[in-house]
Amino acid sequence: EAAVTQSPRNKVTVTGGNVTLSCRQTNSHNYMYWYRQDTGHGLRLIHYSYGAGNLQIGDVPDGYKATRTTQEDFFLLLELASPSQTSLYFCASSERGSAETLYFGSGTRLTVL
Amino acid sequence: AQSVDQPDAHVTLYEGASLELRCSYSYSAAPYLFWYVQYPGQSLQFLLKYITGDAVVKGTKGFEAEFRKSNSSFNLKKSPAHWSDSAKYFCALEVYGNEKITFGAGTKLTIKP
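Residues numbered from 1 in each chain as written. Chains lettered and ligands numbered in written order. Predicted model: local features only at pLDDT ≥ 70, side-chain atom pairs only at ≥ 80, totals over all residues. Heavy atoms only, no water.

**Section: the pattern of salt bridges**
Point 1. This structure, assessed with the given rule, holds 11 salt bridges over all chains.
Point 2. The salt bridge involving Asp38(A) is made with Arg36(A); its shortest N-O contact spans 2.7 Å. The pair formed by Asp38(A) and Arg36(A) is uniform in burial state, with each residue classed as buried.
Point 3. One salt bridge in this structure joins Arg22(B) and Asp8(B), with 2.9 Å as the shortest N-O distance. Of this pair, Arg22(B) sits in the loop between strand 3 (19-21) and strand 4 (24-26) while Asp8(B) sits in the loop between strand 1 (3-5) and strand 2 (10-14), placing them 14 residues apart in sequence.
Point 4. Connected via shared salt-bridge partners are Arg36(A), Asp38(A) and Arg44(A). (Salt bridge = Lys/Arg side-chain N within 4 Å of Asp/Glu carboxyl O. Buried < 20%, exposed > 50% of the residue type's maximum accessible area, 1.4 Å probe, protein only. Helix = DSSP H or I, 4+ residues; strand = E, 2+ residues; numbered from the N terminus.)

This is the structure we're talking about:
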């Protein structure tokens, strides 16, 4: 079974702070995704990638950067965090980008004060 | 633009009843459709998907879903329901070749013993 590990599990920062969320998958999947989960909105796609060095824009990218350094590692960067970015963040991976099952990490709860 | 609607934010049933969680989508061409489940405090897990072929697809944990092109729906069903089915259920849509998966807001299912 695919393994997707996120860190940290919880993070608290202040407005304007700099935050990096990490995700690692160990099943050699090509695609990796960052979602945020908010009550009433379900999951919304922030960024995704289909390989090292690649980045694709999701549906809610404003205020977020991302970088895929290797096939295994995908990072989400908030360089000037705002309270509106308080959310539960999920990383996911899939073997290919279409019609594929997503494997999710356990999530990072971010609070921006 | 594609969208997914889960009209019932909360559904409560007694154990042994039949459950049906509603999902409708908006997209003009053939969709890929998914159901995921999120147990309390956990991440999302894949239940089933419709890509093509038979309208009724069976998934894990005894769930099945029926794709109805006529009314753009993909409802999730299970009978009988068990208290352990209490969770939040997400319907998701992928547009062919798009690589992006759009999630509905989710339905929180509570099964009373």
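Let us keep going from here.
**Thoughts on the packing of aromatic side chains**
Given two aromatic rings, their pairing is described by the distance between the two centres and the angle made by the two planes.
Point 1. Counted according to the given criterion, the structure contains 18 aromatic pairs over all chains.
Point 2. On the basis of an interplanar angle of 65 degrees and a centroid distance of 5.9 Å, the ring pair of Tyr64(A) and Tyr89(A) is categorised as edge-to-face. Note that Tyr64(A) is positioned in the loop between strand 6 (56-57) and strand 7 (65-68) and Tyr89(A) in strand 9 (residues 87-94), a separation of 25 residues in sequence.
Point 3. Taken together, the ring pairs in this structure connect Tyr31(A), Tyr33(A), Tyr35(A), Tyr48(A), Tyr50(A), Phe90(A), Phe104(A), Phe34(B), Tyr36(B), Phe46(B) and Phe103(B) into an aromatic cluster. (Phe/Tyr/Trp six-rings, centres within 6.5 Å; stacked < 30°, edge-to-face > 60°.)

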